[in-house]
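# Coordinate inspection notes
For reference, the chains in residue letters:
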Amino acid sequence: MSQPVMVAGTIPVPALEPDSRWTYLDNVRRNTGPYTSEEFDTSDEAVSTMDRLKVLGAGGLGCELLKDLALSGFKDIHVIDMDTIDVSNLNRQFLFRHSDVGKSKAEVAARFVEKRVKGVSITPHNCKIQDKDEDFYMQFNIVICGLDSIEARRWMNSTLINLADPENPESYKPLIDGGTEDCQIAGLSTQLGFKGQSRVVFPTITSCLECQLDMHAPRQAVPLCTLATIPRQPEHCIEWAHIIAWEQEQPFPKLDNDDPEHITWLYKKALARAEEFKISGVTYSLTQGVVKNIIPAIASTNAIIAASCCNEAFKIATQTNPSLGFEENYMMYSGNDSIYTYTFKHEKKDDCPVCGQLARDLEVDPNFTLQEFIESLAERAEAQLKKPSIRAESHTLYMQSPVSLEEMTRPNLKKKIGELVGNGDEIAITDPSLGTVNFKYKLKFFKEYRAAV
Amino acid sequence: MLKIWNMKQKQQSDANADAAAGNKKKKVTAAQLRVQKDLSELELPRTMKTIFKDPDDVLNFELTIEPDEGMYKGGQFHFTFEISQEFPHQAPKVLCKEKIYHPNIDLQGKVCLNILREDWKPVLNIQAVIVGLQFLFLEPNASDPLNKEAAEDLRSNREGFKRNVRQSMGGGIVRNEAFDKVFKTRD
């Protein structure tokens, strides 16, 4: 069976029929090819399921990703981004115009793409990802992240993994993560700007972002004493102004990275220091870059990674081709030295604190004291705890060490479980005898808690 | 749409794993869990103790060091530990609360310790940082100075440096700079 082929250079003038935009996409979806999965279905009904899929795009890859998703046939797209448009975004974030400066990125991008791609619905959420709860994330079929911090990534990762419920097929949300900050593979140099990665996580099934945390290169830090005594590079002078001079002189109550007056102060300080040490190269924009930790983003690298994330979303949604995921789950891209990509399987870690040990249900009598509860834990075969320390998310129940914390939490031993935690709360147990393994339990009260009179 | 649930079912029947979930409430974060583990494995010598203002917040605490040997013997030094949600990918932030005369600690309390900055690795733990701090009081290091004057004194005139340390610890003035009194009060 021959498959229609798209040939470069023969992009036809769009016909005026409303659906002509999707001609080639439809061809891909309606024809079985050599790589289509066994479950690939070319029926109208199957093809139209894509119209109902709800996908979420979060953070940085922004403009590129939204445009790609809309042009790949996704119809119900949500975008979440807390940023507002800055004048410095306009050189590469092509959905924004000068008149949009100061407005919400999510909202402006959503309106722009909706206007250009008829039939697509884009719902903007102008907030932090952490502002949304589990019910919000439960509504999506696929989540695509271009988050710029490890903290935000960890949060999204653990949230989606905790959604996974073996009783509910809908609760397994594929997580597609793209990043263009530096990723480190042992032995490769760490130049910035031309590198990126895309990866797919199937919650609790494949290696998660927490399992892969060691793939991130830590931010390159210069020893404080170098900054204080023997600066060698313009960056050292700027970091000195930023970390040391600012705190000594406190020219303004609090450093605001976006206030030109503050940056100018740092720039002048750094420049004077650079002259003292005969170092050249301190400029205003370098100062801004170092202080705001701007990793020089190359627009095309961003576009490549966003496109790769979108393609994985498309393949997961349509089954036209094998996607990243079950076998190979990590694609690294480097344009530093010519061009290089490598795709591999990052193994799931059994002792991963997020996906290694999901919280198990533990039936407890809330009228037990914490002491009785700890003793009952010691009898459980899988735990075999000798010196357990127990915490809930915002509450320390009992710590065996250090001494001060033991003393402060000892009174809890006499308190009843129901007094310390709520029904359904999660607790984490660590014990030196467990090594790197931890236990998490979700407490289920099987009796009613009777508060002491 | 790829049916990843089917894969999960397959994996489950293969491994016969048991996992449970549901609509969960507040969960312990990975950073908190790691700090909990680090703290519960902490082994502090007699010269150090931790102070938790709020036992429910294990990400922020204070460490007291009372060196029982070396040039800083008899002093009591307080350090604040501030741990972010990026821990252990990011090192704890550590500051000395007192203004002290020390080649590796500046007048604002910033500490030059390699594992707190350029050599931090996620395999290191809170114990390693504490041991590092203890070491700074036993062996102040003149080759990585943060307080240049103090380092110069240590290099050029070790006896003079020792006298300066005692002077500063008593709340005295060294090189026109007044320092905090850090001698442990008898109790």
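Every chain's residues receive numbers from 1 upward, in the order its sequence appears when written. Working convention: letters from A go to chains and numbers from 1 go to ligands, in the order in which they are written. In keeping with the model being predicted, local features are shown solely for residues with a pLDDT of at least 70 and side-chain atom pairs are shown and tallied solely at 80 or more, while totals for entire chains, interfaces and linings include all residues. As a rule here, side-chain values come from all non-hydrogen atoms in the structure, and water together with hydrogens is ignored.

Under the annotation held in an unreviewed UniProt entry, chain B carries the name NEDD8-conjugating enzyme UBC12 and is attributed to Lachnellula hyalina. UniProt positions are given in the numbering used here, feature names are shortened, and annotations may be inferred rather than shown by experiment. Checking UniProt for chain B, the heading Pathway (unreviewed entry) contains the comment "Protein modification; protein neddylation."

The name recorded for chain A in an unreviewed UniProt entry is NEDD8-activating enzyme E1 catalytic subunit, from Lachnellula hyalina. Under the UniProt heading Function (unreviewed entry), the note attached to chain A is "Catalytic subunit of the dimeric E1 enzyme, which activates NEDD8." Its UniProt record gives chain A a comment under Sequence similarities (unreviewed entry), which states: "Belongs to the ubiquitin-activating E1 family. UBA3 subfamily."

### Examining the overall build of chain B
Counting its regular elements, chain B contains five helices and six strands. Secondary structure elements are defined from DSSP: runs of H or I of at least 4 residues count as helices, runs of E of at least 2 residues count as strands, and each element is numbered from the N terminus. When its helices and strands are written in sequence order, chain B yields α-α-β-β-β-β-α-α-α-β-β. The C-alpha radius of gyration of chain B comes to 22 Å, more than 25% above the 16 Å expected for a compact globule of 187 residues. Its C-alpha atoms give chain B principal-axis dimensions of roughly 75 × 35 × 25 Å. This radius of gyration counts C-alpha atoms alone. The globule rule is 2.2 Å times how many residues there are, raised to the power 0.38.

### A look at the domain arrangement of chain A
Throughout the structure description, domain borders are defined by an automatic or database domain assignment. Along its sequence, chain A is carved into domain 1 (44-217 + 297-344), domain 2 (224-292) and domain 3 (360-445). Put simply, the middle of domain 1 of chain A and the middle of domain 3 of chain A, counted by C-alpha atoms, are 37 Å apart.

### Section: the sheet that holds strand β13 (residues 439-445) of chain A
Residue and element names in this part refer to chain A. The five strands lie next to each other as β9-β13-β12-β10-β11, forming an open sheet whose pairing is mixed. Where the open sheet ends on each side, the last strands, each with one partner, are β9 (360-364) and β11 (395-398). Sheet twist, expressed as the average angle between the axes of neighbouring strands with direction ignored, equals 35°. DSSP-based pairing: two strands are paired if at least 2 bridges between them are found. To define axes, lines are fitted to C-alpha atoms, for helices over the stretch in contact only, and angles between the resulting N-to-C directions are given on a 0 to 180 degree scale.

### Some words on the sheet that holds strand β7 (residues 330-334) of chain A
Residue and element names in this part refer to chain A. Spatially, eight strands are ordered β3-β2-β1-β4-β5-β6-β7-β8 in an open sheet, and the strand pairing comes out mixed. With partners counted over all chains shown, the strands left at the sheet margins are β3 (121-125) and β8 (340-344), one partner each. Taken pair by pair, the neighbouring strands of this sheet meet at an average axis angle of 15°, ignoring direction. With five bridges joining them, strand β6 (residues 195-201) and β7 adopt antiparallel strand pairing. Bridging across to β7, Gly196 finds its partner in Tyr333.

### Description of the pattern of salt bridges
All names here are of chain A. A carboxyl oxygen of Asp or Glu within 4 Å of a side-chain nitrogen of Lys or Arg is what we treat as a salt bridge. Per the stated rule, a full pass over the model turns up 29 salt bridges over all chains. Measuring nitrogen to oxygen at the nearest pair gives 2.8 Å for the salt bridge that ties Glu249 to Lys269. One end of the pair, Glu249, is in helix α8 (residues 234-249); the other, Lys269, is in helix α9 (residues 260-276), with 20 residues separating them in the sequence. Here Asp365 and Lys447 are joined by a salt bridge, their closest N and O atoms 3.2 Å apart. With Asp365 in the loop between β9 and α12 (370-379) and Lys447 in the segment after β13, this pair connects stretches of sequence that are 82 residues apart. Accessible area is worked out with a 1.4 Å probe on protein chains only. A residue is then buried under 20% of its type maximum, exposed over 50%, and partly exposed in between. Judged by relative accessible area, Asp365 falls into the buried class, the value being 9%.

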